[in-house]
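Residues per chain, in single letters:
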Amino acid sequence: MLTSTATKRWRHLDQIRRNPGPFNTEDSDYSEEALEAIDKAKILVIGAGGLGCEILKDLALSGFKTIHVIDMDTIDISNLNRQFLFRKDDVGKHKAEVAAAFVEKRVKGVKITPHNCRIQDFDEDFYMQFQIIVCGLDSIEARRWINATLVNMVDLDNQDSLKPLIDGGTEGFKGQTRVIFPTMTPCIECQLDLYTPRAAVPLCTLATIPRQPEHCIEWAHIIAWDQEKPFPELDKDDPEHITWLYQKASARAQEFSITGVTYSLTQGVVKNIIPAIASTNAIIAASCCNEALKIATAAAPYLGLDDNYMMYSGDEGIYTSTFKYHKKPDCAVCGDTAKPLRVDPSITLRELLDSFAVQADLQLKKPSIRADGKTLYMQFPPSIEEQTRPNLDKTLKADLGLDVGHEIVVTDPAFPALTFRFILGFT
């Protein structure tokens, strides 16, 4: 009975897969062997939140029968209004496990393997097993990490090492879908300036005169955490870590008679989460899964090689457009040239490093820097940080001896695979 039901479920999809259409090429393969290969294809979904739930459901209904999903987060009651695979009894459970079980129960014949961990916990061998990777993330840092990993995996002598990356994102009534073929098309790092960095709050405001609940949360995140170090490293997806920050922020808010600090707001501020709308998630997830189906079946042209970016806007009616975003030769991930960097020669090294956090095409949190063969400042290990700390208050030209044409190399522990190269110029 189950076999019969599963077979009927795919009959309309099989019509598309078995019969040539107006968009198919002469190289399209309709053999049973090709169809079986698609059935056996492994798809990886990263993220099982509002967008990830929709993606999992759509992929399963599109005929992908072997799916893996990664998400280390647990279900919060605030998720239930838009993450439709979860119920009230699921609060506190791992999102990946609950989402996988729900879809498997509703779509017979589909196998979904959950992974309750960070994407950084897996090596390249794990990612090599998948044919397509679909991201439904709310974190720029995670996007940048998986993007760099997939680009580094590409071996020109091994065609299977190139893994198409389909990335979806939503922001209120707006959203986007893009398809990336690592090393062949512009990567996420090439397009980083599309993500505007969050406006920084002066540390003096956080430390002395907080006025908003967000200030109290940022104080707990930036100052209290650094002072008390309750855990070796902050994991923004760990409920225990978020709870510690929430408790600290609540105490801070009470001290200054500020209301409005909640667990969900703490999570949103720390992870820079933008409120999601269920209908936008549904539209972008459908677009992502359409691209996955087109790539897997060649049933129609897909985003990637020509137009590679689809933008959706639903705040004033319904509007979509596709366009081609170009590769950047000075991209830190897929480029091969250094980026020009024009600065005032009289600024200090500290001011230069601070500027890297707010530049839209960098967004670095803890940069270390080398120039002209010398280490100017290193965040880690502590012994080297202490030795290089005096350089922070020195000016670039007069004190450190930097000049026009010097190459500067910047790294950040959040992106261990990336090296940012600049050619210095003065204004």
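Anything mentioned here points back to the structure above.
This report concerns the structure included in the present document. Since the model is a prediction, treat every value here as computed from it, not as a measurement.

The next subject is helix α9 (residues 213-228). Because the α-helix completes a turn every 3.6 residues, residues three or four places apart line up on one side. Its maximal kink placed at Ala220, α9 deviates by approximately 35°. Taken together, the buried positions of α9 are occupied by Pro213, His215, Cys216, Ile217, Glu218, Trp219, Ala220, His221, Ile223, Ala224 and Trp225. Following α9 by one or two positions, Lys229 has its phi on the positive side, about 45°.

Here we come to the environment of Cys288. Examined against the element boundaries, Cys288 turns out to sit in helix α12 (residues 278-297). Considering only alpha carbons, one finds Cys288 and Lys394, 106 residues apart in sequence, at a separation of 49 Å. Filtering out sequence-adjacent residues up to four positions away, Cys288 remains in contact with Val134, Ile166, Asp167, Gly168 and Thr177.

To continue, consider the side chain of Asp167. Within the fold, Asp167 resides in strand β5 (residues 165-171). At a separation of 2.9 Å, a polar atom in the side chain of Asp167 contacts the side chain of Arg143. Here the side chain of Asp167 touches Arg178 through a polar contact of 2.9 Å, side chain to side chain. Contact partners of Asp167, with chain neighbours within four places excluded, come to Cys135, Arg143, Gln176, Thr177, Arg178, Ile188, Tyr195 and Cys288.

Spanning 17 residues, helix α10 (residues 239-255) covers 24 Å between terminal C-alpha atoms, matching the ideal 24 Å at 1.5 Å per step. For α10, the full list of buried residues reads His241, Ile242, Trp244, Leu245, Ala249, Arg252 and Ala253. Angular distribution of buried residues about the axis of α10 spans 165°; they occupy a single face of the element. For α10, the exposed residues set more than 90 degrees away from the buried face come down to Glu240 and Gln254. Here α10 starts with a cap whose side-chain oxygen sits 2.9 Å from the backbone nitrogen of Glu240, and that cap is Asp238. Ser257 lies just past α10 and shows a positive phi near 55°.

Thresholds applied
- Residues numbered from 1 in each chain as written.
- Predicted model: local features only at pLDDT ≥ 70, side-chain atom pairs only at ≥ 80, totals over all residues.
- Heavy atoms only, no water.
- Bend = angle between axes of the 7 residues up to and from the residue.
- Helix = DSSP H or I, 4+ residues; strand = E, 2+ residues; numbered from the N terminus.
- Buried < 20%, exposed > 50% of the residue type's maximum accessible area, 1.4 Å probe, protein only.
- Contact = heavy atoms within 4.5 Å.
- Polar contact = N/O pair within 3.5 Å; in protein donor to acceptor, adjacent residues only side chain to side chain.
- Expected span 1.5 Å × (residues − 1).
- Arc of directions from axis to C-beta.

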